Amino acid sequence: MARVLLFGRLADLAGWRDRAVEAGSLNGLRGVLAGVDPALGEALAGPGVQVAVDKTIVRGEAPLAAGSEVAFLPPMSGG
Amino acid sequence: MTTPSKIALTSEPFEPGALLTAFCAGRDETGAVASFAGLARAEKGAAVALELEAYPGFTDTAIAAFADDAKTRFGLQDYAIVHRVGRIAPGEAIVFVATAAVHRRAAFEACDFLMDYLKSRAPFWKKEHGPDGGRWIEPTAQDRTDAQRWD
């Protein structure tokens, strides 16, 4: 199970911000999330949304280990 | 100067004056300390509160990497950054930055540089709560221009 974290408007859209999801890769995870909530799936693939796996930004596909932490980060606003 | 530079994200209100006093204490080789405190505005009633979200372990690491580069770039002795997260009421401090150097120019410029980064590029997500609800906001064109001055 990967731990999925949503931030900013993505968490508001989904109605949750921290959830365990069964997936072996980032693309697999996107598919699972989009299957449950198509609007969220679209937003996660939207412009400016970055992904961090275990707190490191990744681009494109990435494998997920059991206990991986995947964070979806909308455009950062600064403080 | 051996004081470790420090970054803190806190959900509790803080007092900028107390932080500055602590930062200035015990220095006999620092010629200049510059500091900045940013406060939440009420916008004449349009802003009921500001909400800042951070990603602990990611946000603080990103700020530390940037600030350590700034320390080298400006030849700072050290710095302190304290940033509020969570819900912030008008009048409360959002951010405190202090920089210490041998001479004033480095301290002033590094403080300005760190604030431009914190306001435009640091990994925070900001929501403004007004009388009619909340909205997520992104950096303003002015914030981006301010940050690009240093590129």
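Scroll up for the structure.
Colleague: Would you mind going over the nonpolar core with me for this structure?
Modeller: Soluble globular proteins tend to bury their nonpolar side chains together. Ile81, Val97 and Leu118 of chain B are the most contacted members of the largest nonpolar core, which totals 32 residues. Elements that contribute at least two residues to this core include exactly β2 (32-39), β3 (49-54), α2 (59-74), β4 (78-84), β6 (93-101) and α3 (104-120) of chain B. With 9 residues, the single largest contributor to this core is α3 of chain B. Sequence-distant contacts of Ile81 of chain B, defined by excluding residues within four places in its chain, comprise Lys6, Ile7, Ala8, Ile63, Ala67, Phe96, Val97, Leu114 and Leu118 of chain B. By size, the runner-up hydrophobic cluster in this structure holds 22 residues, among which are Val4, Leu33, Leu40 and Val51 of chain A.

Colleague: What is the right way to look at the interface of chain A and chain B in this model?
Modeller: Accessible area lost upon the coming together of the parts serves often as the stated size of an interface. Contacts between the two partners involve 19 residues from chain A, matched on the other side by 22 residues from chain B. Taken together, the two surfaces of chain A and chain B that pack against each other cover about 1600 Å², and 59% of this comes from carbon and sulfur. Counting the surface chain A buries against chain B, the share from its top three residues, Met76, Ser77 and Gly79 of chain A, is 39%. On the surface where chain A and chain B come into contact, there are 2 salt bridges. Arg17 of chain A serves as the salt-bridge partner of Glu53 of chain B, at 2.3 Å between the closest nitrogen and oxygen. Applying the counting criterion to the chain A and chain B interface returns 12 residue pairs in polar contact (both at pLDDT 80 or more). Elements that contribute at least two residues to the side of chain A that touches chain B include exactly β1 (2-6), α1 (9-14) and β5 (69-73) of chain A. A per-element tally of the side of chain A that touches chain B places β5 of chain A first, with 3 residues. Looking at side-chain class alone, the side of chain A that touches chain B contains 10 nonpolar, 4 polar and 5 charged residues.

Colleague: Just to check I follow, could you spell out α2 of chain B for this structure?
Modeller: Owing to its 3.6 residues per turn, the α-helix brings residues three or four apart onto one side. All names here are of chain B. Compared with the 22 Å implied by 1.5 Å per residue over 16 residues, the 22 Å span of α2 between its first and last C-alpha is a close match. Close packing links the buried residues of α2 with β1 (6-10), β3, β4, α3 and β7 (124-130). Positive backbone phi, approximately 65°, marks Gly75, located one or two places after α2.

Colleague: Just checking my understanding: could you explain the sheet that holds β7 of chain B for this structure?
Modeller: Two modes of strand pairing occur in sheets, parallel and antiparallel, and in both the strands are linked by backbone hydrogen bonds. Residues and elements named next belong to chain B. Reading across from one edge, β5-β3-β7-β8 is the order of the 4 strands in this open sheet, with antiparallel pairing throughout. With one partner strand each, in any of the chains shown, β5 (86-88) and β8 (133-137) form the two edges of the open sheet. Across the sheet, the mean angle from the axis of one strand to that of its neighbour is 25°, orientation sign disregarded. Of the pairings in the sheet, the one linking β7 to β8 comprises 5 bridges and is antiparallel in character. By the bridge assignment, Gly130 is partnered in β8 with Gly133.

Colleague: Could you clarify how one ought to interpret the pattern of salt bridges in this entry?
Modeller: Proximity of charged atoms lets side chains of opposite charge pair with each other. Within this structure, the stated rule accounts for 12 salt bridges over all chains. Close ionic contact of Glu43 of chain B with Arg41 of chain B constitutes a salt bridge, the shortest N to O distance being 3.0 Å. Note on Glu43 of chain B: relative accessible area 38%, which makes it partly exposed. Among the residues examined, Arg41 of chain B registers a relative accessible area of 61% and is labelled exposed. Here the residues in one salt-bridge network are Arg3, Asp18, Lys55 and Glu69 of chain A, joined through shared partners.

Scoring rules and cut-offs
- Residues numbered from 1 in each chain as written.
- Chains lettered and ligands numbered in written order.
- Predicted model: local features only at pLDDT ≥ 70, side-chain atom pairs only at ≥ 80, totals over all residues.
- Heavy atoms only, no water.
- Core = buried A, V, L, I, M, F, W, Y, C linked by side-chain atoms within 4.5 Å.
- Buried < 20%, exposed > 50% of the residue type's maximum accessible area, 1.4 Å probe, protein only.
- Helix = DSSP H or I, 4+ residues; strand = E, 2+ residues; numbered from the N terminus.
- Contact = heavy atoms within 4.5 Å.
- Buried area = accessible area lost by both parts, 1.4 Å probe.
- Salt bridge = Lys/Arg side-chain N within 4 Å of Asp/Glu carboxyl O.
- Polar contact = N/O pair within 3.5 Å; in protein donor to acceptor, adjacent residues only side chain to side chain.
- Nonpolar A, V, L, I, M, F, W, Y, C, P; charged D, E, K, R; others polar.
- Expected span 1.5 Å × (residues − 1).
- Pairing = 2+ DSSP bridges.
- Axes fitted to C-alpha atoms, helices over the stretch in contact; angles between N-to-C directions.

So, to be careful, I would describe these as geometric facts and stop short of saying anything about function.
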